[in-house]
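For reference, the chains in residue letters:
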Number of protein chains: 2
Amino acid sequence: MNATSPPVIGIIGGGQLGRMMALEAPRLSLKIRCLDANGADSPCGRYSEAGCVEGGLKDEAKLLELAKGCNVITMEIEHVSVPALATLESQGVTVRPSSNTIRIIQDKYVQKDHFARNGVALGRYMDCPGKEEVRKAIGLFGLPLMLKSRKEGYDGRGNAVVRTLSDVDSKFDELYNAGKSGGVYCEGWVDFVDELAVMVVKGANGDVKSYPTVTAIQRDSVCRVVVAPARCSREARLKAEEVARKAISSLGDGAVGIFGVELFLTREGDVLLNEVAPRPHNTGHYTQDACAVSQFENHLRAVAGMELGDTSMCVGAAAMVNVLGCGEMRETLKVNDLALGMERATVHWYGKSPAKKGRKMGHVNVTADSESELQTNLKILLDAVGLPEEGGKDGGDIPKPEPLVGVIMGSDSDLPAMSKAVDILKSFGIAYEVDIVSAHRTPEKMMDYARLAHQRGLQCIIAGAGGAAHLPGMVASLTPLPVIGVPIKTSTLSGVDSLYSICQMPRGIPVATVAIGNAENAGLLAVRIVGSTREGVMEKMIEYQKGLKEVVEGKSERLVEMGSTEYLAQMANKNATVGV
Amino acid sequence: MNATSPPVIGIIGGGQLGRMMALEAPRLSLKIRCLDANGADSPCGRYSEAGCVEGGLKDEAKLLELAKGCNVITMEIEHVSVPALATLESQGVTVRPSSNTIRIIQDKYVQKDHFARNGVALGRYMDCPGKEEVRKAIGLFGLPLMLKSRKEGYDGRGNAVVRTLSDVDSKFDELYNAGKSGGVYCEGWVDFVDELAVMVVKGANGDVKSYPTVTAIQRDSVCRVVVAPARCSREARLKAEEVARKAISSLGDGAVGIFGVELFLTREGDVLLNEVAPRPHNTGHYTQDACAVSQFENHLRAVAGMELGDTSMCVGAAAMVNVLGCGEMRETLKVNDLALGMERATVHWYGKSPAKKGRKMGHVNVTADSESELQTNLKILLDAVGLPEEGGKDGGDIPKPEPLVGVIMGSDSDLPAMSKAVDILKSFGIAYEVDIVSAHRTPEKMMDYARLAHQRGLQCIIAGAGGAAHLPGMVASLTPLPVIGVPIKTSTLSGVDSLYSICQMPRGIPVATVAIGNAENAGLLAVRIVGSTREGVMEKMIEYQKGLKEVVEGKSERLVEMGSTEYLAQMANKNATVGV
């Protein structure tokens, strides 16, 4: 970057991943050159400022032609020729990631072995040179068993599930041929609750940075939807990022660039590595619109030897929905047209034609301030691409978004009072949850609730309690979130006991206490807190306050008009109260 | 967009504005073709998928060549030939914005006249065919007087300030020649406090949308820095957006595309239109990284006849800093290198060479959750481009960012207690302000403070008061923000009077009340509120809570070790307290 003539990056492959790199390269003062069978007609070739080479990705002569005038060679696909890359390297060409990195990753069995030797958490796996080993693996790991081609697999191609012993022969033969004799291996069945993914970027200087963990929703082994951050516990997210960074760090000095790391979250809360791709990845497309620096920019920075960029999210939540070809272009483009009219949505079209059934034609990114605020647009997009929100074939459901405000109370006897808070949240359209959590009767539940609230994505907790009212204060001591306490009115001391118990917290642990029995105000305070960073919610609060004013002004007008005697008589009739 | 073969957009001009359109076009399935004197070597030409034409922007034959195969012609510069555009139109070519729109805008005097006739707020102006009219204008508007070429001006070129009567001759001649005989007009001096700008996009179907108002900082009449949203009152921001939308709507059906609208905010709070540019504009570059849909995408959408995109900001605050050439490329690139290592910064390099002094070479966008959080990075960038934060030659200072939390109290006697809240905010690195605002002694100041707080960008208010403690509740009734009340301890009733006055608010207006005299907890509650949407702040709160735990565990350990007698003796020695 500090040279006066911009470095040229050669990309092996000219598909959508190369294209998205090529569209970010110019503002970084980098030039792209690419190698693709379709040359200048490929999605990337059209934007390759330093020209493109037409030819096969494994053709050594073409690779040498690509390397001419390039400062570094990278790839957008791992199915390349490792010996050809090694030849380039032997001739002094910088290849990032290196031929050795690709060698390890390209053969999934070698990949598993490498990560196992480096202490990365993995499921069980075994090489299967022949059918006998598959049967042996069934004996060891049980059924079903995941059979995979060691090489050339992608989007579920090269994977087959062995469900019965009689499947072995046909499935083995199918994969053996599909993987072009690269061999077959197997993986013990992982009973996962979620598929997670983490993009990791490694710089030429060894720096390693990870993007936030996402939930990846697959259907028929094809990535369809990505939700960021992942809809699992914060603990699991951090664990996934750690596993992913550890895996990529273990690949050594030559592993320079971005890596897509797919992981399983098991029912027991363990995070296991699934597969690694040595390039920008479908599960990282959300970074284009949700993160400070996208996966494409960070890959370019890494391979160009530049400093790595900020991988943090600039928005509260994001989702990516793949647009797959449905056989007809006009029909396929309908999802795009829908997204163009949507708030905070961005369309990314790949310029491919024709729109063959199942072909990745583009994707839509959508962002929001929180998971619950993302959900409306996400639902519309899912519907448009024919995905149900819940219940799918292989990849599990899209986990429910977490609400913004939690309303809890010590007993259902508090519900009549506390429901006023719920009514307020409903009327302001803020996602909430309600539960009974008692400090004295369910202390373990209370601790779990309070400890996990912020990890789940709640931004505020309303807690109501009466008498020796410990719930709000106890919850406040266990969460970093703002806690609003509602002192429930008691028969013995009219709620003064509740008020003191909630309000008079020791230094260090605040509870935002509202008036005795005034859960409505607790709801309104939660709205103000949520609205402090949300223009739309704040506008609604301003309108609500105007409404209060108008009600009182109306009453004032009537009182002046009627005089107090008539007004009082009417009040008595209506059995209503004026003011509070 | 719903056609199966992507529309081709022809751009007159191949500079950075065209380039930034060209880099967004592919993902919308649009193709770019451009006309530029440097052809394929221009910043835009290299990414023009549908080819580029080498030639002058006013050359009718070249324009016709550009139009070949294009669905629509647009421009990245307004200094084009209106008759040539009209010829294109007469031959059935769609030109957006239309030749008539360009005719109105291109001649700044005609532009002023048009907007004046359409009731758009403007400063005073007058045509000056000769020097006599300039002298007449001085008589009418006074000195200094702003003299401008009617045509061909940009970045301050074509503008001259007449400060004395003896300036008239030389300045007139200079501009008359510079404007290539398009004539000269003048504007009465506007005593502005801020230069504002609003990007407005108008669709082919007549839809009009505006982006948020920004503050534009000029030096030597060149835009150097843009801060979004504008650092003026919310009222002024909304007024500017209204004026801008009104101006662009007045241009009629042919005005399709994005428009940069520059405005003045006067000392009296009036918003006056300054100039309009019929194209993407330097003051709209921040939209690339701060808004759902950038000005470039929205321009493309408008001219392609597509639906307009979301113009709202996805981040709390953003700034754009122009990188001007300093004569030497390596030196010029230093700002980029700096930005590459910065959080939430994005570099946009234009690919121009050489780095002539003052030439616009690129820009850096930086985003944050709030103005105060933006300031650190903004300061570093300003320093790198040689701009002081305050005090400049012509365009005024960069207005100070607003803090996130306001701490107010009824009297300075409350300060010893309230300073604990300030200490907490300081230790958590949260921008704050402190003031004395009394409900009973400065009611007008209180009303202004409360009403403007959210408009200025505050996200939370801490108010302390004692006895008949009205300040927190009164402030809460006038602001949509969360208000935290600190009941100050009183000598008569130990603060119970303060507690009841603050906590027992009527339905509709909540105050988040903390314990009597516990301003520390008010500070901590504000941190929790601010942290509810900020990972970094929340992390610090978690650490703080861990710290509390460790302190108590340490005390517990010592107590168990020493026994209570010795521990009490040591406490007495230290004059310290255990617990709270």
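Procedures and definitions
Residues numbered from 1 in each chain as written. Chains lettered and ligands numbered in written order. Predicted model: local features only at pLDDT ≥ 70, side-chain atom pairs only at ≥ 80, totals over all residues. Heavy atoms only, no water. UniProt positions renumbered as here; feature names shortened; annotations may be inferred. Helix = DSSP H or I, 4+ residues; strand = E, 2+ residues; numbered from the N terminus. Buried < 20%, exposed > 50% of the residue type's maximum accessible area, 1.4 Å probe, protein only. Contact = heavy atoms within 4.5 Å. Least-squares fit on C-alpha atoms with pLDDT ≥ 70 in both. Buried area = accessible area lost by both parts, 1.4 Å probe. Salt bridge = Lys/Arg side-chain N within 4 Å of Asp/Glu carboxyl O. Polar contact = N/O pair within 3.5 Å; in protein donor to acceptor, adjacent residues only side chain to side chain. Nonpolar A, V, L, I, M, F, W, Y, C, P; charged D, E, K, R; others polar. Phe/Tyr/Trp six-rings, centres within 6.5 Å; stacked < 30°, edge-to-face > 60°. Patch = residues over 30% accessible without salt bridge, like charges linked within 9 Å, V, L, I, M, F, W, Y side chains within 5 Å. Areas by Shrake-Rupley, 256 points an atom, 1.4 Å probe, with all protein chains shown as cover. Lys, Arg positive; Asp, Glu negative; His and termini not counted. Charge placed at Lys NZ, Arg CZ, Asp CG, Glu CD. Arc of directions from axis to C-beta. Pairing = 2+ DSSP bridges. Axes fitted to C-alpha atoms, helices over the stretch in contact; angles between N-to-C directions. Expected span 1.5 Å × (residues − 1). Bend = angle between axes of the 7 residues up to and from the residue. Left-handed = near helix turned anticlockwise from the far one by under 90°.

- With an unreviewed UniProt entry as reference, chain A is termed phosphoribosylaminoimidazole carboxylase, source organism Triparma laevis f. longispina.
- In its Sequence similarities (unreviewed entry) section, UniProt records this for chain A: "In the C-terminal section; belongs to the AIR carboxylase family. Class I subfamily."
- Per UniProt, the comment on chain A under Pathway (unreviewed entry) is "Purine metabolism; IMP biosynthesis via de novo pathway; 5-amino-1-(5-phospho-D-ribosyl)imidazole-4-carboxylate from 5-amino-1-(5-phospho-D-ribosyl)imidazole (carboxylase route): step 1/1."

### A closer look at the overall build of chain A
And step 1. Helix and strand content of chain A: 20 helices and 22 strands.
And step 2. Taken along its principal axes, the extent of the C-alpha atoms in chain A is 100 × 55 × 50 Å.
And step 3. In chain A, buried positions account for 59% of the 580 residues.
And step 4. Residue pairs in contact within chain A that sit at least 24 positions apart in sequence constitute 64% of those at least 6 positions apart.

### Remarks on the relation of the copies chain A and chain B
And step 1. Each copy superposes on the other: chain A lies on chain B with an RMSD of 0.1 Å after a rotation of 180° and an axial shift of 0.1 Å. Such a combination of rotation and displacement between the chain copies is what one expects of a two-fold axis.
And step 2. Taken together, the interface assignments show that 100% of the residues at the interface of chain A recur at the interface of chain B, consistent with an identical surface on both copies.

### Points about the interface of chain A and chain B
And step 1. At the junction of the two partners, chain A supplies 88 residues and chain B supplies 88 residues.
And step 2. Taking both sides of the interface into account, the surface hidden between chain A and chain B amounts to around 7600 Å²; carbon and sulfur atoms contribute 55%.
And step 3. At the boundary of chain A and chain B, one finds six salt bridges.
And step 4. Between A:Glu539 and B:Arg234 there is a salt bridge, with the nearest N and O atoms lying 2.1 Å from each other.
And step 5. Connecting chain A to chain B are 44 residue pairs in polar contact (both at pLDDT 80 or more).
And step 6. The element best represented in the side of chain A that touches chain B is helix H19 (residues 535-562) of chain A, accounting for eight residues.
And step 7. Broken down by class, the residue content of the side of chain A that touches chain B amounts to 47 nonpolar, 22 polar and 19 charged.

### A closer look at the packing of aromatic side chains
And step 1. Evaluated as defined, the whole model comprises ten aromatic pairs over all chains.
And step 2. Through successive ring pairs, a cluster of aromatic residues spans A:Tyr109, A:Tyr125 and A:Tyr185.

### What about a negative patch on the surface?
And step 1. Taken together, the side chains of A:Glu550, A:Glu553, A:Glu557, A:Glu561 and A:Glu566 define an acidic patch exposed on the protein surface.
And step 2. When residues of the negative patch are assigned to their parent elements, the largest contribution, four residues, is made by H19(A).

### Structural notes on the pattern of salt bridges
Residues and elements named next belong to chain A.
And step 1. A full pass over the atoms with the stated rule returns 56 salt bridges over all chains.
And step 2. One salt bridge in this structure joins Asp169 and Arg135, with 2.7 Å as the shortest N-O distance. Taken as a pair, Asp169 in helix H7 (residues 168-178) and Arg135 in helix H6 (residues 131-141) lie far apart in primary sequence, 34 residues in all.
And step 3. By relative accessible area, Arg135 is classed as partly exposed at 32%.
And step 4. A salt bridge links Arg231 to Glu371; the shortest N-O distance between them is 3.6 Å. Of the two residues, Arg231 is situated in the loop between strand E12 (222-228) and helix H8 (234-249) and Glu371 in helix H13 (residues 371-384); the sequence distance between them amounts to 140 residues. Pair check on accessibility: Arg231 and Glu371 agree, each one buried.
And step 5. A single salt-bridge network, built from bridges that share partners, covers Lys108, Lys112, Lys148, Glu187 and Glu275.

### Side note on helix H2 (residues 60-67) of chain B
Residue and element names in this part refer to chain B.
And step 1. Taken together, the buried positions of H2 are Leu63, Leu66 and Ala67. Taken around the axis of H2, the buried residues stretch over an arc of 95°, which confines them to a single face.
And step 2. Here the buried face of H2 lies against strand E1 (8-12), strand E2 (31-36), strand E3 (52-54), strand E4 (72-75) and helix H3 (82-90).
And step 3. Two or three places before Ala61, at the start of H2, stands the capping residue Asp59, its side-chain oxygen 3.0 Å from that residue's backbone nitrogen.

### A closer look at the sheet that holds strand E1 (residues 8-12) of chain A
Residue and element names in this part refer to chain A.
And step 1. The four strands are arranged E3-E2-E1-E4 in an open sheet whose pairing can be described as parallel. Looking along the sheet, the strands with just one partner apiece sit at the ends: strand E3 (52-54) and strand E4 (72-75). On average, each strand axis in the sheet is inclined to that of its neighbour by 20°, with strand direction left out of account.
And step 2. Sheet topology note: the E1/E4 ladder contains four bridges and is parallel. By the bridge assignment, Gly10 is partnered in E4 with Ile73.
And step 3. Here helix H2 (residues 60-67) sits on the sheet in contact with E1, strand E2 (31-36), E3 and E4, set at roughly 170° to E2.

### Some points on H13(A)
Residues and elements named next belong to chain A.
And step 1. For H13, built from 14 residues, the straight-helix expectation of 20 Å at 1.5 Å per residue is met to within 8% by its first-to-last C-alpha distance of 20 Å.
And step 2. Its axis deflected by about 35° at Asn377, H13 carries its strongest bend there.
And step 3. Buried within H13 we find Glu371, Ser372, Leu374, Gln375, Asn377, Leu378, Leu381 and Leu382.
And step 4. Structurally, H13 contributes buried residues whose contacts are with E12, strand E15 (317-324), helix H12 (334-340), strand E17 (360-368) and helix H15 (443-456).
And step 5. Backbone geometry just after H13 places Gly386 at a positive phi near 75°.

### Digging into the pairing of strand E11 (residues 214-219) of chain A
The side chains of a regular strand alternate between both faces of the sheet.
Residue and element names in this part refer to chain A.
And step 1. The buried count for E11 comes to six of six residues, which makes it a mostly enclosed element.
And step 2. A two-sided burial pattern is seen for E11, the buried positions comprising Val214, Ala216 and Gln218 on one face and Thr215, Ile217 and Arg219 on the other.
And step 3. Bridge analysis of strand E9 (residues 192-202) against E11 gives two bridges, and the strand direction is antiparallel. Looking across to E11, one finds that Leu196 is bridged to Thr215.
And step 4. As defined by bridge partners, E11 adjoins E12 across five bridges and the pair is classed as antiparallel. The residue of E12 that forms the bridge with Gln218 is Cys223.
And step 5. Once E11 ends, the chain turns through two residues before running back antiparallel as E12, passing Asp220 with a positive phi of about 50°.

### As for unusual backbone geometry
And step 1. Looking along the chain, the bond that leaves A:Leu143 and enters A:Pro144 is cis, with omega of -10°.
And step 2. The linkage connecting B:Ser353 with the following residue, B:Pro354, adopts the cis geometry, with an omega of -5°.
And step 3. Positive phi is not limited to glycine here, since A:Ser29 has a value of about 65°.
And step 4. Structurally, A:Ser29 can be placed in the loop between helix H1 (16-22) and E2.
And step 5. Despite not being glycine, A:Asp220 shows a phi value in the positive range, around 50°.
And step 6. Relative to the helices and strands, A:Asp220 resides in the loop between E11 and E12.

### Some thoughts on the packing of helix H14 (residues 415-427) of chain B against helix H18 (residues 519-531) of chain B
Residue and element names in this part refer to chain B.
And step 1. Where H14 contacts H18, the axes come no closer than 7 Å and their chain directions differ by 35°. Pair H14 / H18 crosses with right-handed handedness. Here H14 contributes Ala417, Met418, Lys420, Ala421, Ile424 and Leu425 to the contact with H18, which in turn contributes Ala519, Glu520, Gly523, Leu524, Ala526 and Val527.
And step 2. Counted by class, the contact of H14 with H18 contains nine nonpolar, one polar and two charged residues.

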